[in-house]
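# Understanding the architecture of this molecule
Below, each chain spelled out in residue letters.
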Amino acid sequence: MSILGSLDWNDIFIVPFFTDPSLSTGIAAGAGGIVVLGALAVMVLLTVKGWWKPLWSNWITTLDHKKIGVIYIVLALIMLIRGVLEAVVMRAQQVSPAPGFLSVEHHAELFSTHGTIMIFFVAMPFLTGVINVVMPLQIGARDMEFPFMNAVSLWLSIGGAALVMASLVVGHFETGGWTAYPPYTGIKLSPNEGVDYWIWSLGLTSVGSTLSGINFLVTIYKQRAPGMKLFDMSIFAWATLCTAILMIFAMMPLTVASLMLALDRQAGFHFFTATQGGNMMNFANMFWLFGHPEVYILILPAFGVFSEVIPTFSGKKIYGYTSLVWATIAIAVLSFTVWVHHFFTMGQTAHLNAIFGIATMTIGVPTGVKVFNWMLTMWRGKLRFSTAMLFSTGFIFTFVIGGITGVMLANPTIDFATHNSLFLVAHFHNMLIPGLLFGMFAAVNYWFPLCFGFRLDEKWGRRSFWLWMIGFYGAFMPLYAIGLMGAPRRMAFFTEPAYFPWLVIAMLGALCVLAGLTAQIIQVWVSVKNRESLMVPAGDPWDGRGIEWSLGCPVPEYDFSTIPAMTSREPWVDAKEAGKRVMDPTEFVDIHLPKPTGMPFLVGLVATLFAFAMIFQMWLIAAVGFVAMWVLVLIRSYDTDWEETVTAEELREGYEAHKRVVESTPQIRLDDEFTTKNRGLIMETQV
Ligand code: HEM
Ligand SMILES: [Cu+2]
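The rules behind each value
- Within each chain, residues carry numbers counting from 1 in the order of the written sequence.
- Here the convention is simple: chains get letters from A, ligands get numbers from 1, in the order in which they are written.
- Local features in this predicted model are restricted to residues of pLDDT 70 or higher, and side-chain atom pairs are both shown and tallied only at a pLDDT of 80 or more, whereas totals for entire chains, interfaces and linings draw on every residue.
- Working from all heavy atoms in the structure, the side-chain values ignore hydrogens and water.
- UniProt positions are given in the numbering used here, feature names are shortened, and annotations may be inferred rather than shown by experiment.
- Here a residue is considered near a molecule or strand provided that any single heavy atom belonging to it is located within 4 Å of it.
- Polar contact is the term for a pair of N or O atoms within 3.5 Å; when the atoms are in protein, one must be able to donate a hydrogen and the other to accept it, and sequence-neighboring residues count only if both atoms are side-chain atoms.
- Going along the chain from the N terminus, every DSSP run of H or I of four or more residues is numbered as a helix, and every run of E of two or more is numbered as a strand.
- Only nitrogen, oxygen and sulfur atoms qualify as donors, provided they sit within 2.8 Å of the metal or within 3.2 Å for Na, K and Ca; with water excluded from the atoms, sites may seem incomplete.
- For the exposure calls, accessible area comes from a 1.4 Å probe over protein chains only, and a residue counts as buried if that area is under 20% of its type's maximum, exposed if over 50%, partly exposed in between.
- Patch building starts from residues that exceed 30% relative accessible area and form no salt bridge, then joins like charges within 9 Å and nonpolar side chains (Val, Leu, Ile, Met, Phe, Trp, Tyr) within 5 Å.
- Only the protein chains shown count as cover for residues, and all accessible areas are computed by the Shrake-Rupley method using a 1.4 Å probe.
- The salt bridge criterion pairs a side-chain nitrogen of Lys or Arg with a carboxyl oxygen of Asp or Glu, the two atoms within 4 Å.
- In summary, the charge assignment counts Lys and Arg as positive and Asp and Glu as negative, without counting His or the chain termini.
- To locate a charge, take atom NZ for lysine, CZ for arginine, CG for aspartate or CD for glutamate.
- Just so you know, the domain bounds were taken from an automatic or database domain assignment.
- Should any heavy atoms of two residues lie within 4.5 Å, those residues are considered in contact.
- We call Asp, Glu, Lys and Arg charged. Ala, Val, Leu, Ile, Met, Phe, Trp, Tyr, Cys and Pro are nonpolar, and the rest, Gly among them, are polar.
- Lines fitted to C-alpha atoms define the axes, with helix axes restricted to the stretch in contact, and inter-axis angles between N-to-C directions lie between 0 and 180 degrees.
- Roughly parallel refers to an angle under 35 degrees, roughly antiparallel to one over 145, roughly perpendicular to one between 65 and 115, and oblique to any angle outside these ranges.
- It is the rotation of the near helix from the far one that decides the hand of a crossing: anticlockwise by less than a right angle makes it left-handed, clockwise makes it right-handed.

An unreviewed UniProt entry annotates the protein chain as Cytochrome ubiquinol oxidase subunit I originating from Thioclava electrotropha. The record held by UniProt for the protein chain lists under Subcellular location (unreviewed entry) the comment "Cell membrane". Recorded in UniProt for the protein chain, the comment headed Sequence similarities (unreviewed entry) runs: "Belongs to the heme-copper respiratory oxidase family."

Put into structure tokens, the structure is as follows:
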């Protein structure tokens, strides 16, 4: 066997187009071409602008939680562009006269990559990024408990995403959907490297997420500002805590299931082959033992975001803090008790189905509690519809519809009629687009100034909201209808004329979503261009409530010059009500920050090399990569010179500088919040 394993000429992205020219292979070649040219263009840009060095020293080697968070979010946005484009191609395929312009395999690859990407490389990095930026700032910490491991998680996730991108250029992705059920994904029915791409890209990122979960949890336990009790934490921090626990316990079944699949495929095991004593249901159970908690990993952080944005833009304290916390905990616990609802039809008894159906419906209760909490927070508030608030209110409205269809599906008898239909596809997009993406968009619009010092453009932000909102309804309401009419999911094409008008609407909706995404890109572009007038150096541009807003924007690398005194649940609001514009400092002491290091990047790089080699069965390279990974970790373990000191004096200067900025910033009225008069620190009560 050659050193290049199973890799051969036909795996290079343009070759199939020349051997079998068609629109389908042309699109595949074009997609591969975009990846290659895009990568080249980025490299040329970096070289021409001389940005390699700053990129390396400011970003790639960083251990700063805020920058790591930003990189995660950038990753999520890049992958979101691919995911949405794939969705548009699928929609175009289904409105084309049968059999459409894509080969059946190509369409299957598209829904598989779309689903895999959206869940693992959009949703997960997005929420991990937002947590990274915000959570330490909200609990009064200076960084994660394990900054090095945090960066390793990041580079493992990027490595996983890079593999999915590589599958456009070298070889194929799998065709078995994001769930990759055997026996279809076994070596007999899926002999090419596609499933291995799925296994190893998920392998990298699931290890990354497990480590992130551990990091978040320990950070919350150990790094809270002195005096901050658990029940003093922000709701977002609570959401992070519950998410972290879910990440720790839920990612592992996935890692194990996918590694077992790898053993089945490459080492002749038979965990999942019924004819050899294995059982496919072991995969289904393990996958969903991960998969259902996973949807709460996706949704809880967004719930946390809404619980921060809605009070701020309603000018009121969150309604029912304690009930919100308990609802979050209840959802986290219950999320481990419902996984069977993903395969009601796969042969267990009616009794078992009934139990899991009831458990599923139970989750509606704490979720309903939350919806009422948000609505009661807005009740009689003075609402201001910033982009972040629009996404939050759009979420409540839309999410409730998705929730109702979820309770319908929780009923096994209904599920028997609707499972594997487009009704289900409509349902989960109805949960995930508002319940995940809108939350993350709200988070970016809300917290962006903390990282970059300026606000995002509101006009384009609002446009993006309306396009996403209308686009969502257009793209997915029709799927409920044709799903009930019997349209199955994952179909390459439809020949039933009654579906056609609905599919056209869905296509237009998807285009509208694409326009929304474009509006967001324009929003960032316009904001960067006008950043001078959007600067909010004094911090707190929205009259916010969390202690993250007591800092200037952008937040300095060390976050807090002195750790805030936690006198209540909302010390920043108390300070403002007492007429203060900066929080009183506690004690200035020397602090230690971890030095930047290229090691996490290298670990990610060799891990990715290892995974790539495993995909193409290049055993020698795989072995080298695997060993190199651990050698790097070992070298790092013996590194004693990894901290740098920020002196108490520097911190005091930082504090004084911030105070001067705040004092020289004129106070404005809340009505001028979205104008260029907003340089930070709106104090309505003072005007
Ligand atoms: C942005 C607009 C989006 C559009 C237009 C869209 C469209 C689609 C389409 C057409 C399918 C295939 C349905 C079928 O089985 O026939 C699909 C599947 C899927 N989508 Fe989306 N989607 C979007 C966003 C998202 C988001 C944000 C997520 C998750 C965070 C997501 C997750 C999935 C998953 C998991 C599947 C199932 C893949 C499979 O069958 O294995 N999608 N989507
Ligand atoms: Cu579920």
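A word on the site of ligand 1. What surrounds ligand 1 is a group of 23 residues, the closest being His114, Trp178, His429, Arg489 and Arg490. Here an oxygen atom of ligand 1 and a backbone polar atom of Trp178 are 2.7 Å apart. A distance of 2.8 Å separates a nitrogen atom of ligand 1 from a polar side-chain atom of His429. Elements supplying a minimum of two residues to the shell around ligand 1: α4 (65–95), α5 (104–139), α14 (422–452), α15 (458–484) and α16 (500–529).

The next point concerns the coordination of the copper ion (ligand 2). Within the first shell, the copper ion (ligand 2) binds the protein through His292 (ND1), His341 (NE2) and His342 (NE2), at distances of 1.6 to 1.9 Å. For the copper ion (ligand 2), all donor residues lie on one chain, and their spacing in sequence is H-x48-H-H. Of this pair, His292 sits in helix α9 (residues 280–314) while His341 sits in the loop between α10 (321–334) and α11 (350–378), and the two are 49 residues apart along the sequence. Across the pair, His341 and His292 agree in class, each one buried.

Taken together, His114 (NE2) and His429 (NE2) make up the full set of protein donors to the iron atom of ligand 1, lying 2.0 Å away. Judged by relative accessible area, His114 falls into the buried class, the value being 12%. His429 sits in the buried class, given a relative accessible area of 15%.

It is worth spelling out a nonpolar patch on the surface at this point. Residues Val36, Leu37, Leu40, Met43 and Trp52 make up a contiguous nonpolar surface patch of about 480 Å² in total accessible area. Counting residues per element, the nonpolar patch draws most heavily on helix α2 (residues 23–49), at 4 residues. On the secondary structure map, Leu40 appears in helix α2.

A cluster of acidic side chains, namely Asp590, Glu649, Glu650 and Glu653, defines a negative patch on the protein surface. Assignment of secondary structure puts Asp590 in the loop between α18 (571–577) and β1 (591–594). A residue is classified by how much of its surface remains accessible, and Asp590, at 45% relative accessible area, is partly exposed.

Next up on the list: the pattern of salt bridges. Evaluated as defined, the whole model comprises 16 salt bridges. One salt bridge connects Glu86 with Arg82, and the closest N-O pair in it is separated by 3.0 Å. On the criterion of helical spacing, the pair formed by Glu86 and Arg82 is a turn pair, its members being 4 residues apart in helix α4. As far as the burial class goes, Glu86 and Arg82 line up, both buried. Connected via shared salt-bridge partners are Asp64, Lys66 and Asp559.

On domain assignment, one finds that the protein chain holds domain 1 (1–48) and domain 2 (49–534). For domain 1 and domain 2, the distance between their C-alpha centres works out to 28 Å. Contacts between the two partners involve 17 residues from domain 1 and, on the opposite side, 16 residues from domain 2. Where domain 1 meets domain 2, there are 0 salt bridges. Counting the contacts that link domain 1 with domain 2 gives 11 residue pairs in polar contact (both at pLDDT 80 or more). Of the residues belonging to the side of domain 1 that touches domain 2, the class tally is 13 nonpolar, 3 polar and 1 charged.

Time to look at the side chain of Thr360. With respect to the helices and strands, the residue Thr360 is situated in helix α11. Of note is the side chain of Thr360, whose polar atom sits 2.8 Å from the side chain of His341. The contact partners of Thr360, leaving out residues within four places of it in the chain, are Val338, His341 and Ala410.

One way to put it is that α15 packs onto α16 with a least axis distance of 7 Å and a crossing angle of 160°. When the axis of α15 is compared with that of α16, the two are roughly antiparallel. As for the relative orientation of α15 and α16, their crossing is left-handed in sense. Class assignment of the residues belonging to the contact of α15 with α16 gives a composition of 22 nonpolar, 8 polar and no charged.

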